[in-house]
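Coordinates in review
What follows is each chain in one-letter form.
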Amino acid sequence: TVTTTAIGVIPSRFMGLSYEKEAMSYGYFHASNHDLIALFRRLGAGVLRVGGGAVDRLLWTPSANGTHQQISPTNVKNLAGFLQATGWLCLYGVNLATSTPSLAAEEVSFAASALGESLLGIEIGNEPDEYGVMGNYFAGNWTFQDFLDRWNAFRSEIIQAAPHVPITGPAAGGGNHISTWTIPFGQIVTPSELTLLTQHYYRQSEIGRAHV
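What comes next concerns the included structure. (Residues numbered from 1 in each chain as written. Predicted model: local features only at pLDDT ≥ 70, side-chain atom pairs only at ≥ 80, totals over all residues. Heavy atoms only, no water.)

1. Considerations on the overall build of the protein chain
- Within the protein chain one finds 5 helices and 9 strands.
- Taking 2.2 N^0.38 as the reference for a compact globule, 212 residues should give roughly 17 Å; the C-alpha atoms of the protein chain span a radius of gyration of 17 Å, in line with that estimate.
- The principal-axis extent of the C-alpha atoms belonging to the protein chain is close to 60 × 45 × 35 Å.
- Among the 212 residues that make up the protein chain, the fraction classed as buried is 43%.
- Contacts in the protein chain between residues far apart in sequence, at least 24 positions, make up 73% of those at least 6 positions apart. (Helix = DSSP H or I, 4+ residues; strand = E, 2+ residues; numbered from the N terminus. Rg over C-alpha atoms; globule rule 2.2 N^0.38 Å. Buried < 20%, exposed > 50% of the residue type's maximum accessible area, 1.4 Å probe, protein only. Contact = heavy atoms within 4.5 Å.)

Take a look at the structure:
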């Protein structure tokens, strides 16, 4: 039944776009990409997520310029300029599957400093509930507890390097894993440890997805 009674308000930054993190090395996100900046600004205030499956294949390098399989300080500085020009916030993903806590902490420390107030949160890993499937990072030997232990180890070093950085998660991908991954994670991790609880929703894999 449609009535004039309001039951809620859609937040101003409800809308967003998600890119594979490797797009950071393709020259999309920098302050001189005026066409893309204009397109983002026409959409209004939003959230840019740099994540996806590429997150867990890309490693941080302190070198000024990395390869397409690395994320460098130059990539992050370019992203910061793009965000400032658009007025968008960023949900920034880091590698949980093939990186190390110390390397992730080094990247987050730099990203937090460079992105400043444009940083909405740090996402540790992408769809970790799928790490144990055949052909994936921990095929046949991966449980929710394994994930929780690894996530906590990464978060601990990240917080030491960047004490006030906002952390999000678990970024689970399987809709049938809400009750076995996302809800238990939200019950175990305290509000002081997590600023945003996330779950991916695929209405139909061929037409789109949402990051809630």
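2. Overview of the nonpolar core
- In terms of nonpolar packing, the biggest core is built from 47 residues, with Leu79 and Tyr92 touching the most fellow members.
- Here this core takes 6 residues from helix H4 (residues 144–161), the largest share from any one element.
- For leucine 79, the residues in contact, after removing those within four places along its chain, are Met24, Phe29, Leu48, Val50, Cys90, Tyr92 and Leu115. (Core = buried A, V, L, I, M, F, W, Y, C linked by side-chain atoms within 4.5 Å.)

3. Some points on the pattern of salt bridges
- Evaluation of the coordinates by the stated rule reveals 2 salt bridges.
- Note that lysine 21 and glutamate 107 form a salt bridge whose closest N and O atoms lie 2.5 Å from each other. A residue pair is termed long-range when its members are at least 10 positions apart, and lysine 21 in the loop between strand S1 (16–20) and helix H1 (34–43) and glutamate 107 in helix H3 (residues 101–115) qualify at 86 residues.
- Relative accessible area serves as the criterion here: at 1%, lysine 21 is assigned to the buried category. (Salt bridge = Lys/Arg side-chain N within 4 Å of Asp/Glu carboxyl O.)

4. Details of the packing of aromatic side chains
- As enumerated under the stated definition, the model contains 17 aromatic pairs in all.
- Look at tyrosine 19 and tyrosine 28: their rings are 6.3 Å apart centre to centre, the planes differ by 65°, and that puts the pair in the edge-to-face class.
- Its relative accessible area of 35% is what places tyrosine 28 among the partly exposed residues.
- Their ring planes at 85° and their centres at 5.0 Å tell us that tyrosine 19 and phenylalanine 29 sit as a pair that is edge-to-face. Taken together, the residues span a long stretch of sequence, with tyrosine 19 in strand S1 and phenylalanine 29 in the loop between S1 and H1 at a distance of 10 residues. (Phe/Tyr/Trp six-rings, centres within 6.5 Å; stacked < 30°, edge-to-face > 60°.)

5. A look at the environment of threonine 61
- Within the secondary structure, threonine 61 sits in the loop between strand S3 (59–60) and strand S4 (70–71).
- Residue threonine 61 is classed as buried on the basis of its relative accessible area, which comes to 8%.
- For threonine 61, the side chain forms a polar contact with the main-chain nitrogen of serine 63, separated by 3.2 Å. (Polar contact = N/O pair within 3.5 Å; in protein donor to acceptor, adjacent residues only side chain to side chain.)

6. Examining the environment of valine 189
- Relative to the elements of secondary structure, valine 189 occurs in the loop between helix H5 (178–188) and strand S8 (196–204).
- When its relative accessible area of 6% is taken as the criterion, valine 189 is described as buried.
- Separated by 20 residues in the primary sequence, valine 189 and glycine 169 place their C-alpha atoms 9.7 Å from one another.
- Not counting residues within four places of it along the chain, the set of residues in contact with valine 189 comprises Trp151 and Leu194.

Shape is all these values report; function is a separate question.
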